[in-house]
Structure formats: structure tokens, C-alpha cells
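Chains, contacts and geometry: an overview
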Amino acid sequence: MTRWRPLPDVLPREARHLVEQLRALKDRTGLSLAELARRTAYSKSSWQRYLSGAKQPPRGAVQALCRVAGADQARLLALWDLADTTWPHGVPVAAGPAGPMADAPPAGAEYRRWRAAALVSFGVIVVLLAGLLWMLPVGSG
């Protein structure tokens, strides 16, 4: 049985109840987070964020955990629907200074990564086009 940290105080009651039920279901499987990640499409760090209450689990993660545990999906998906309406969307739930959000990328980091990838791609295309134009034979007048 996993020793869980207390859930963040700012987590609404419905969200808290969902996370508690997911924790109980995960404990019932006897799987570690790494084993759970291997059996689902969600990483170990994602499961850690979902089960700590730091991030709302996607509906698919709830379904995946139910499948792995052999549990009734309808009940947990109903809890997910209730929690979805109250979960603080767009606002990370602080789990304390040493919590799972401590290593989260700063705001805007994903945009910067996307922009850098787009610029590199554009540069590669320009170089390829320049090389192609250089290799084409020049027509004789």
C-alpha cells in the first residue's frame, strides 16, 4: 500500500474525492507507478501528477486505470464528470515546494520550444531549396 501525501487544500471536494478513489484503485492493483505506466498510455510522471492532485487526470487515464484494475468505469467516470466542473482549470494546483510541480517547465517554455523547432525547420527548408536551385542547370539563352 502506497503512503500518499496529503492532497492540496485548494483542491475542490469533488476533485479530491476523484483522486482519493483513483489512489484506492491504484493501490488495489498492487502496481507501482512505473508498472502502471507500462500498462497504460500515460507516463509514470503523469500518474504521479494525477494521483497527487497536482493535475486533473484526463478521462482516458481514468478509463485506463479502471481497465487495468478491472473496476467499473461508469462510477469513476461519473466522479470524473463531477470533478471536471470544479477542477481549477488553467491554474496549477500547488503541492508544496518539494511537490511534483517543482520540476514543471516555466510558463511559455512549450511555446518557446515550438517556436525554436519551427525556426529550425524553416532554416532546413531554406538550405534545401538553395541547394536545389544551385544544382539546377542554367538555361542557355
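Reading the values: rules and limits
- Starting from 1, residues in each chain are numbered consecutively following that chain's sequence as written.
- Residue-level local features of this predicted model are given only where pLDDT is at least 70; pairs of side-chain atoms are given and counted only at 80 or more, and the full residue set underlies all totals for whole chains, interfaces and linings.
- Side-chain measures here rest on the full set of heavy atoms in the structure, leaving out hydrogens and waters.
- Each nonpolar core is a collection of buried residues, namely Ala, Val, Leu, Ile, Met, Phe, Trp, Tyr and Cys, held together in the definition by side-chain atoms within 4.5 Å.
- Under the scheme applied here, a residue whose accessible area is under 20% of the maximum for its type counts as buried, over 50% as exposed, and between as partly exposed, the area being computed with a 1.4 Å probe on protein chains only.
- Strands here mean DSSP runs of E at least two residues long; helices mean DSSP runs of H or I at least four residues long; both are numbered from the N terminus.
- Contacts are residue-level and defined by heavy atoms, with any inter-residue pair within 4.5 Å sufficient.
- UniProt positions are given in the numbering used here, feature names are shortened, and annotations may be inferred rather than shown by experiment.
- Multiply 1.5 Å by the residue count of a helix minus one, and that product is the helix's expected span.
- The definition of a polar contact used here is a pair of N or O atoms within 3.5 Å, where within protein one atom must be able to donate a hydrogen and the other to accept one, and adjacent residues in sequence count solely through side-chain atom pairs.
- Stacked, tilted and edge-to-face are the three classes applied to pairs of Phe, Tyr and Trp rings, where Trp contributes its six-membered ring and a pair requires centres within 6.5 Å; stacked means planes under 30 degrees apart, edge-to-face means over 60, and tilted covers the rest.
- By convention in these notes, a salt bridge is any Lys or Arg side-chain nitrogen within 4 Å of a carboxyl oxygen on Asp or Glu.

Attention now moves to the nonpolar core. If you look at the biggest cluster of nonpolar residues, it comprises 27 residues, and the most contacted ones within it are Leu18, Leu22, Trp47, Val62 and Leu76. For this core, the secondary-structure elements that each account for two or more residues are helix H1 (13–29), helix H2 (33–39), helix H3 (44–52), helix H4 (59–69) and helix H5 (73–86). The element contributing the most residues to this core is H4, with six residues. If near-sequence neighbours (up to four positions away) are discounted, Leu18 is found in contact with Pro57, Leu76, Leu79, Trp80 and Ala83.

What follows covers the UniProt feature "transmembrane region" (unreviewed entry) in the chain. On the UniProt side, "transmembrane region" (unreviewed entry) is annotated at positions that read residues 116–136 here. Helix makes up 95% of residues 116–136 and strand 0%. Its end C-alpha atoms lie 31 Å apart.

The next point concerns the environment of Ala37. With respect to the element layout, Ala37 can be found in helix H2. The exposure class assigned to Ala37 is buried, which follows from its relative accessible area of 18%. Separated by ten residues in the primary sequence, Ala37 and Trp47 place their C-alpha atoms 7.4 Å from one another. The contact partners of Ala37, leaving out residues within four places of it in the chain, are Tyr42, Ser43, Lys44 and Trp47.

Moving on, we get to H3. Here H3 has its buried residues at Ser46, Trp47, Tyr50, Leu51 and Ser52. Buried positions along H3 lie against H1, H2 and H4. Gly53 occupies a position one or two residues after H3 and carries a positive phi of about 85°.

If you check H5, its first and last C-alpha atoms are 20 Å apart, about what 14 residues at 1.5 Å a residue would give, namely 20 Å. Looking at the packing, one finds that the buried side of H5 touches H1 and H4. The N-terminus of H5 is capped by Asp72, whose side-chain oxygen sits 3.3 Å from the backbone nitrogen of Ala74.

A few words on the packing of aromatic side chains. For the structure on display, the rule yields three aromatic pairs. Taken together, a centroid distance of 6.3 Å and an interplanar angle of 70° make the contact between Tyr42 and Tyr50 edge-to-face. By relative accessible area, which is 5% here, Tyr50 ends up buried. The rings of Tyr42, Trp47 and Tyr50 are connected pair by pair, giving a single aromatic cluster.

What follows concerns the side chain of Thr40. By the element assignment, Thr40 lies in the loop between H2 and H3. Of note is the side chain of Thr40, whose polar atom sits 2.9 Å from the backbone oxygen of Leu36. Only 3.0 Å separates the side chain of Thr40 from the side chain of Trp47, close enough to count as a polar contact. Beyond its immediate chain neighbours, meaning those up to four positions away, Thr40 contacts Trp47, Ala64 and Val68.

Attention now moves to the pattern of salt bridges. Close approach of charged atoms allows side chains of opposite charge to pair. Scanning the model with the defined rule gives two salt bridges in all. A salt bridge links Arg59 to Asp81; its shortest N-O distance comes to 2.7 Å. You can see Arg59 sitting in helix H4 and its partner Asp81 sitting in helix H5, a full 22 residues away along the chain. Assessed through its relative accessible area of 32%, Arg59 is described here as partly exposed. Note on Asp81: relative accessible area 38%, which makes it partly exposed.

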